[in-house]
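Below, each chain spelled out in residue letters.
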Amino acid sequence: RKEVEQDPGPFNVPEGATVAFNCTYSNSASQSFFWYRQDCRKEPKLLMSVYSSGNEDGRFTAQLNRASQYISLLIRDSKLSDSATYLCVVKSGAGSYQLTFGKGTKLSVIP
Amino acid sequence: DVKVTQSSRYLVKRTGEKVFLECVQDMDHENMFWYRQDPGLGLRLIYFSYDVKMKEKGDIPEGYSVSREKKERFSLILESASTNQTSMYLCAGTDGGSGNTIYFGEGSWLTVV
């Protein structure tokens, strides 16, 4: 089983739609979780951290389910500018180098 | 925020050439990383460094070496470039403390012909 798995997509959604991505991880000892956004031919940038209690930042909501070992990202009222690849990142140990990246889920928001 | 700068954005090199990719971060933090990213394979860790002159192999170190002579600078070296090293290379640094957030440079697109 891969350490961090994401549906590669693409997810093609109309503007204004709500879309959700899941990411599963295999290491039950994983400590920290993040969503990164990567635009085409650009570097990944932190979108949001994922907290145990779930967290929201504007139209974006991230949740963690430790029992089932997955995290999710919900985007409400999709904008054209949300089109990007969303990377799930899991930190499995105390050292910051123990980061595992998912391969990303591609989102295309269409007019 | 940590700012990570990769000086070479686009390079074309010949097979067998020695290639240097430079990376500088503007904050006084210890941890720096080199990744490569390829379609369908995602981000793969080549090397990382947690202090000056310290380095650790990542998942795919073969064909690469690194240098960390100063805290702010972390260089990736391809001793003898090969076509399978054509890729986007991303340098990254963390924001210190528990190192939870990783910040990337803009990437270096290397083509080996």
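Please refer to the structure higher up on the page.
As the structure is a computational prediction, the values presented were derived from the model and not from experiment.

1. Things to note about unusual backbone geometry
Residues and elements named next belong to chain A.
Here comes step 1: The linkage connecting Gly 9 with the following residue, Pro 10, adopts the cis geometry, with an omega of 5°.
Here comes step 2: By the element assignment, Pro 10 lies in the loop between β1 (4-6) and β2 (11-14).
Here comes step 3: Here Arg 41, not a glycine, exhibits a phi torsion of approximately 60°, which is positive.
Here comes step 4: Mapped onto the secondary structure, Arg 41 falls in the loop between β4 (32-38) and β5 (44-50).
Here comes step 5: In the Ramachandran plot, Gln 69 falls in the positive-phi region, its phi being about 55° despite a non-glycine side chain.
Here comes step 6: Summarising the element assignment, Gln 69 is placed in the loop between β7 (60-65) and β8 (70-75).

2. Section: the pattern of salt bridges
Here comes step 1: Summed over all chains, the structure comprises ten salt bridges over all chains.
Here comes step 2: Note that A:Arg37 is salt-bridged to A:Asp39, the shortest N-O span being 2.8 Å.
Here comes step 3: The partly exposed category is assigned to A:Asp39, whose relative accessible area is 31%.
Here comes step 4: When the shortest N-O distance is used, the salt bridge between A:Glu56 and A:Arg76 registers 3.5 Å. Here the residue A:Glu56 occupies a position in strand β6 (residues 55-57), and A:Arg76 occupies one in the loop between β8 and β9 (84-91), the gap between them amounting to 20 residues.
Here comes step 5: With a relative accessible area of 57%, A:Glu56 lands in the exposed category.
Here comes step 6: One salt-bridge network, held together by shared partners, links B:Arg36, B:Asp38 and B:Arg44.

3. Here we look at the pairing of strand β6 (residues 42-49) of chain B
Residue and element names in this part refer to chain B.
Here comes step 1: With seven of eight residues buried, β6 is to be regarded as a mostly interior element.
Here comes step 2: Note that strand β5 (residues 32-38) and β6 share seven bridges and pair antiparallel. The residue bridging Phe 33 from the neighbouring strand is Phe 48, located in β6.
Here comes step 3: Counting the residues in the hairpin turn of β5 and β6 gives three residues, including Gly 40, whose phi is positive at 80°.
Here comes step 4: By the bridge criterion, two bridges tie β6 to strand β7 (residues 56-57) in an arrangement that is antiparallel. Paired with Tyr 47 across the strands is Lys 57, a residue of β7.
Here comes step 5: Where β6 folds back on β7, the antiparallel hairpin that results is connected by six residues, among which Lys 53 adopts a positive phi of roughly 65°.

So, how was this worked out
- Residues numbered from 1 in each chain as written.
- Chains lettered and ligands numbered in written order.
- Predicted model: local features only at pLDDT ≥ 70, side-chain atom pairs only at ≥ 80, totals over all residues.
- Heavy atoms only, no water.
- Helix = DSSP H or I, 4+ residues; strand = E, 2+ residues; numbered from the N terminus.
- Salt bridge = Lys/Arg side-chain N within 4 Å of Asp/Glu carboxyl O.
- Buried < 20%, exposed > 50% of the residue type's maximum accessible area, 1.4 Å probe, protein only.
- Pairing = 2+ DSSP bridges.

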